[in-house]
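Per-entry structural report
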Amino acid sequence: MSAGERRAQLRAILAGDVCVHPASVHDAMAGRIAADLGFELGMLAGSTASLAVLGAPDLIVLTLTEFAEQARRITRAGAPPLLCDADHGYGNALNVMRTVQELETAGVAGFSLEDTELPRPFGDGATRLISLAEGLGKIKAGLAAREDASLVIMARTGAVGITGMTDALERARAYDACGADVLFFTGITERAQLEALSAATTLPIMLGGLSPALADKVYLASQRVRIALQGHQPIAASMAAVHATLKQLRDGVAPGQLTGVPPADFMKRITREADYAQWTQDYLGSKP
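Just so we're clear, the structure is a prediction, and the values are computed from it rather than from any experiment. (Residues numbered from 1 in each chain as written. Predicted model: local features only at pLDDT ≥ 70, side-chain atom pairs only at ≥ 80, totals over all residues. Heavy atoms only, no water.)

**What to know about the sheet that holds strand S7 (residues 205-208)**
By definition, the strands of a sheet pair up through backbone hydrogen bonds, in either a parallel or an antiparallel sense. The condition is simple: Only strands joined by at least two bridges in the DSSP assignment are considered to pair. Here a strand is any run of E in DSSP of at least two residues, a helix any run of H or I of at least four, and the numbering for each starts at the N terminus. The criterion used for residue contact is that any of the two residues' heavy atoms lie within 4.5 Å. Axis angles are defined between N-to-C directions and span 0 to 180 degrees, where every axis is a line fitted to C-alpha atoms and, for a helix, only to the segment in contact.
Spatially, S1-S2-S3-S4-S5-S6-S7-S8 is the arrangement adopted by the 8 strands of the open sheet, whose pairing is parallel. The open sheet terminates on both sides in strands that have one partner only, identified here as strand S1 (23-24) and strand S8 (225-228). Pairing analysis gives 2 bridges linking S1 to strand S2 (residues 42-44), with the strands arranged parallel. By the bridge assignment, Ser24 is partnered in S2 with Met43. Relative to strand S5 (residues 152-157), helix H6 (residues 132-145) is tilted by about 170°, and along the sheet it contacts strand S4 (110-114) and S5.

Written as structure tokens, this is what we have:
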């Protein structure tokens, strides 16, 4: 799909009446697997990008350039329409404009900009939010910077778990009115919280993380939740598989006796070997 087609597919989901769970993807291969399994959307988080590119925890040490390039690798490989967590936009409102430009040209379908104060400032280590005025400035700058109006920009806030429901409602109403395409909430654990935010706003909703009380897609859809994350377990599982395989080799297990290694046809399928074989025959004049 082209970038425009991916964005149209995301907007169709947002305009629909069901809730979908995106696939957490961290590299090109994960994106292709998600596509093969039929996921409607992929999700590249700042945390998984930091792990994949730097092997570092989610402390905002990854740069915008590194993040955008990882997103580009995933979209180029044929992943489902890709959502990204663009954290705080990598700086102030002017940095947000640059972030929009980079992610738009990387081919992502949409991304979130959050109002958490990042990176963590010197002090007591408490999580804080920027002012509502600054948060609105970032969203408005992002909207002004996009060249493709179909690119989805999500306003994200963790106010529910940081400053409380009163502030969360004020921020939600303001982001709803400023032109954002989606409201992205984190820290919601109770149905009453979601219902209050849904009643106070009009935009499609995305949730980051689901408590047991919220783990019902039909209920979520009734509250205008169109996208709900389930965590980022795939990258952790893949690292566990790498560790287990390398440990077997280090312990002296022969390559032919390794457990957990997929069959050859699995790798051929996700690397699109048949396509490359056909292109080799068509354009190089011979079989590979």
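Now that the structure has been shown, we can carry on.
**Some thoughts on helix H4 (residues 64-76)**
Stated precisely, the cut-off is as follows: In a helix, the anticipated span is given by 1.5 Å times the number of residues less one. Think of it in three bands: with a 1.4 Å probe and only protein chains considered, a residue is buried below 20% of the maximum accessible area for its type, exposed above 50%, and partly exposed in between. By definition, the arc is the one covered by directions from the helix axis to the C-beta atoms.
For H4, with 13 residues, the first-to-last C-alpha span of 18 Å sits near the 18 Å given by 1.5 Å per residue. By the burial criterion, the buried members of H4 are Leu64, Phe67, Ala68, Gln70, Ala71, Ile74 and Thr75. For H4, the buried positions fall inside an angular range of 160° around the axis, keeping them on one side. Its buried side turned inward, H4 meets helix H1 (3-15), helix H2 (28-36), S2, helix H3 (46-54), strand S3 (82-85) and helix H5 (93-105).

**Some points on the state of the cysteines**
Any covalent bond linking the sulfur atoms of two cysteines counts as a disulfide. The test is simple: Here, the term disulfide refers to a pair of cysteine sulfur atoms separated by no more than 2.5 Å.
By the definition in use, this model includes 0 disulfides. The thiol of Cys178 is unpaired, and the distance to the nearest cysteine sulfur, on Cys84, comes to 20 Å.

**A look at the nonpolar core**
Our working rule: Among buried residues, the Ala, Val, Leu, Ile, Met, Phe, Trp, Tyr and Cys ones that are joined through side-chain atoms within 4.5 Å form a nonpolar core.
Counting residues in hydrophobic clusters, the biggest one holds 57 residues, and the most contacted among them are Phe111, Leu194, Leu207 and Leu220. Residue contacts for Leu220: discarding those within four places in its chain leaves Cys19, Leu194, Leu207, Leu210, Leu214, Val225 and Ala228. In this structure, Leu14, Val20, Met154 and Ile227 belong to the second largest nonpolar core, which totals 15 residues.

**Remarks on the environment of Thr75**
Looking at the element boundaries, Thr75 is found in helix H4. Look at Thr75 and you get buried, because its relative accessible area is 6%. Taking the C-alpha atoms as reference points, Thr75 and Ala8, separated by 67 residues in sequence, lie 15 Å from one another. Dropping the residues within four chain positions of it, Thr75 is found in contact with Arg6, Leu82, Ala106, Gly107 and Val108.

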